[in-house]
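Results of the structural survey
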Amino acid sequence: MARPVWTGSISFGMVAIPIRLVPAVRRKSISFNQLDERSGSRIRYRKVSEATGEEVPPEHIVKGYDLGGSNYVLLTDDDLAPLAPAKSKEIGIESFVPIDDVDPLMFDSSYLVLPDRNVKPYVLLAEAMAGSDRVGIGRFVMRQKEYLAAIRSDGKHLTLSTLVFPDELVQPSSVEEFDELDGVKVSAKELQMAKGLVDALSDEFEAGQYTDEYRKAVEQVIEDKAAGRTIVYEEEPKSTGTVIDLSAALEASLAEARAAKDRHPSATSAKKTAAKKTRARKSA
């Protein structure tokens, strides 16, 4: 298990729950180093002055806020220190709110909430929140930054997600490109077929069936090249072209989706079960 990124407690009312936070996500993206192809040595970056091109020692690097036109307000650590949020080892739950009231776009980074030392208060909160469809909203300080957080329970485990603040969200009404949606009309037939397509493509979400195919392909290429094997790439399928007629596209998509659903093993099993029931009724 990863090392805790934060240790403290959750408090609701007069109850304190000692906990540790560990990341709930382990990124598996592939990273590359930049190399000098002549020598194979790593490429390093230096902090240089835009004016002179010379490297600037760390002690001469200061913070500056860009006002535009190459005008900067210089800020020192002493200027910012009094504004830093007070250090705290507590996540105070201010309220329990319906999960549907929290805009999904606000959810940011996720953490597993691990019990620390006394586990009974942890179990108590997890069970108390179970099935409530509510999240506990609170604030906490981590790495000198204050975060808004949502705490959830599946009945046994607690998880925490940091939230962006509402004024950090981009409102759709502020995006000009959405204005072209106004006044667009769709026919009743198109809407009916689109709803039928949604229904035909509806299924239960199974997270395990989704994998990062690109990452797997890159890992295979790295493995092949490291082993000295020749890499053979498959030809990309030719594009079928763009369908201009929306109704025709919907009709073709709906037919294909329904056919694919009929070919699914669960559909075949359901048909066999229905056929057995029909034969049983006829026999009776």
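Residues numbered from 1 in each chain as written. Predicted model: local features only at pLDDT ≥ 70, side-chain atom pairs only at ≥ 80, totals over all residues. Heavy atoms only, no water.

Among the nonpolar cores identified, the biggest contains 21 residues, and Ile10, Ile19, Phe140, Leu158 and Leu160 are the most heavily contacted of them. Looking at this core, the elements with two or more residues in it are β1 (6-12), β2 (15-23), β5 (90-98), β6 (107-115), α2 (120-129), β7 (134-142), β8 (145-153) and β9 (158-163). Among the elements that take part in this core, α2 stands out by supplying four residues, more than any other. For Phe140, the contacting residues outside a window of four places in its chain are Trp6, Leu21, Glu90, Ile91, Lys145, Glu146, Tyr147, Ala149, Leu160 and Thr162. One finds Val135, Ile137, Leu163 and Val164 within the second-largest nonpolar core, a separate group that totals nine residues. (Core = buried A, V, L, I, M, F, W, Y, C linked by side-chain atoms within 4.5 Å. Buried < 20%, exposed > 50% of the residue type's maximum accessible area, 1.4 Å probe, protein only. Helix = DSSP H or I, 4+ residues; strand = E, 2+ residues; numbered from the N terminus. Contact = heavy atoms within 4.5 Å.)

This paragraph deals with the sheet that holds β7. Reading around the barrel, the seven strands line up as β1-β2-β6-β9-β8-β7-β5 and close back on themselves, with mixed pairing between neighbours. The mean angle between the axes of side-by-side strands here comes to 40°, regardless of whether they run parallel or antiparallel. Sheet analysis places β8 next to β9, joined by six bridges and oriented antiparallel. Counted as the bridge partner of Ile151 is Leu160 from β9. Sheet strands in contact with α2 are β1, β2, β5, β6, β7, β8 and β9, and its direction is about 85° off that of β2. (Pairing = 2+ DSSP bridges. Axes fitted to C-alpha atoms, helices over the stretch in contact; angles between N-to-C directions.)

Let's shift gears to helix α4 (residues 213-226). Side chains of residues three or four places apart in an α-helix project in the same direction, reflecting 3.6 residues per turn. Helix length check: α4, at 14 residues, gives a terminal C-alpha distance of 20 Å against a target of 20 Å (1.5 Å per residue), a fit within 8%. Of all the positions in α4, only Arg215, Val218 and Asp224 are classed as buried. Between a side-chain oxygen at the N-terminus of α4 and the backbone nitrogen of Tyr214 the separation is 3.3 Å; the capping residue is Asp212. Just downstream of α4, Gly228 is the residue with a positive phi angle, here 80°. (Expected span 1.5 Å × (residues − 1). Polar contact = N/O pair within 3.5 Å; in protein donor to acceptor, adjacent residues only side chain to side chain.)

A cluster of nonpolar side chains, contributed by Tyr65, Leu67, Val73, Leu75, Leu80 and Leu83, occupies part of the molecular surface with about 580 Å² of accessible area. Those elements giving two or more residues to the nonpolar patch turn out to be β3 (63-68) and β4 (71-75). Position of Leu75 relative to the elements: it lies in strand β4. (Patch = residues over 30% accessible without salt bridge, like charges linked within 9 Å, V, L, I, M, F, W, Y side chains within 5 Å. Areas by Shrake-Rupley, 256 points an atom, 1.4 Å probe, with all protein chains shown as cover. Salt bridge = Lys/Arg side-chain N within 4 Å of Asp/Glu carboxyl O.)

This part covers the pattern of salt bridges. Counting across every chain of the model gives 11 salt bridges. Asp116 is paired through a salt bridge with Arg20; the nearest N and O atoms lie 3.8 Å apart. A residue pair is termed long-range when its members are at least 10 positions apart, and Asp116 in the loop between β6 and α2 and Arg20 in strand β2 qualify at 96 residues. According to the relative accessible area criterion, Asp116 is buried, its value standing at 14%.

Taken together, the side chains of Glu176, Glu177, Asp179, Glu180 and Asp182 define an acidic patch exposed on the protein surface. Counting through the fold element by element, Asp179 comes out in the loop between β9 and α3 (188-200). (Lys, Arg positive; Asp, Glu negative; His and termini not counted. Charge placed at Lys NZ, Arg CZ, Asp CG, Glu CD.)

What follows is about the packing of aromatic side chains. For the coordinates displayed, the defined rule picks out four aromatic pairs. Relative to Tyr210, the ring of Phe205 has its centre 5.7 Å away and its plane inclined at 20°; by these criteria the two rings are stacked. Ring-pair connections join several aromatic residues into one group, and the members of that group are Trp6, Phe140 and Tyr147. The ring of Trp6 has Lys89 lying over it, and the distance from NZ or CZ to the ring centre is 5.9 Å. For Lys145, the ring lying beneath its charged end belongs to Tyr147, and the centroid distance is 4.8 Å. (Phe/Tyr/Trp six-rings, centres within 6.5 Å; stacked < 30°, edge-to-face > 60°. Lys NZ or Arg CZ within 6 Å of the ring centre and 35° of its normal.)

Moving on, we get to the pairing of β4. When β3 meets β4, the two strands line up antiparallel, connected through five bridges. Among the inter-strand pairings, Asp66 is bridged to a residue of β4, identified as Tyr72. Linkage of β3 to β4, two consecutive antiparallel strands, is achieved through a turn of two residues, within which Gly69 is found at a positive phi near 65°.

Volume-wise, the second largest pocket comes out at about 160 Å³. Taken together, Val5, Trp6, Ala84, Pro85, Lys87, Ser88, Lys89, Val141, Met142, Arg143 and Gln144 form the lining of the second largest pocket. (1 Å grid on protein atoms, 1.4 Å probe; cavity = no way out; pocket = protein on both sides within 12 Å on 5 of 7 lines; lining within 4 Å. Points joined across faces, edges and corners; volume = space filled by probe spheres on them.)

Here Arg117 takes part through its side chain, which lies 3.2 Å from a polar atom of the side chain of Asp116. Discounting residues that sit within four places of it in the chain, Asp116 has contacts with Thr7, Pro18, Ile19 and Arg20.

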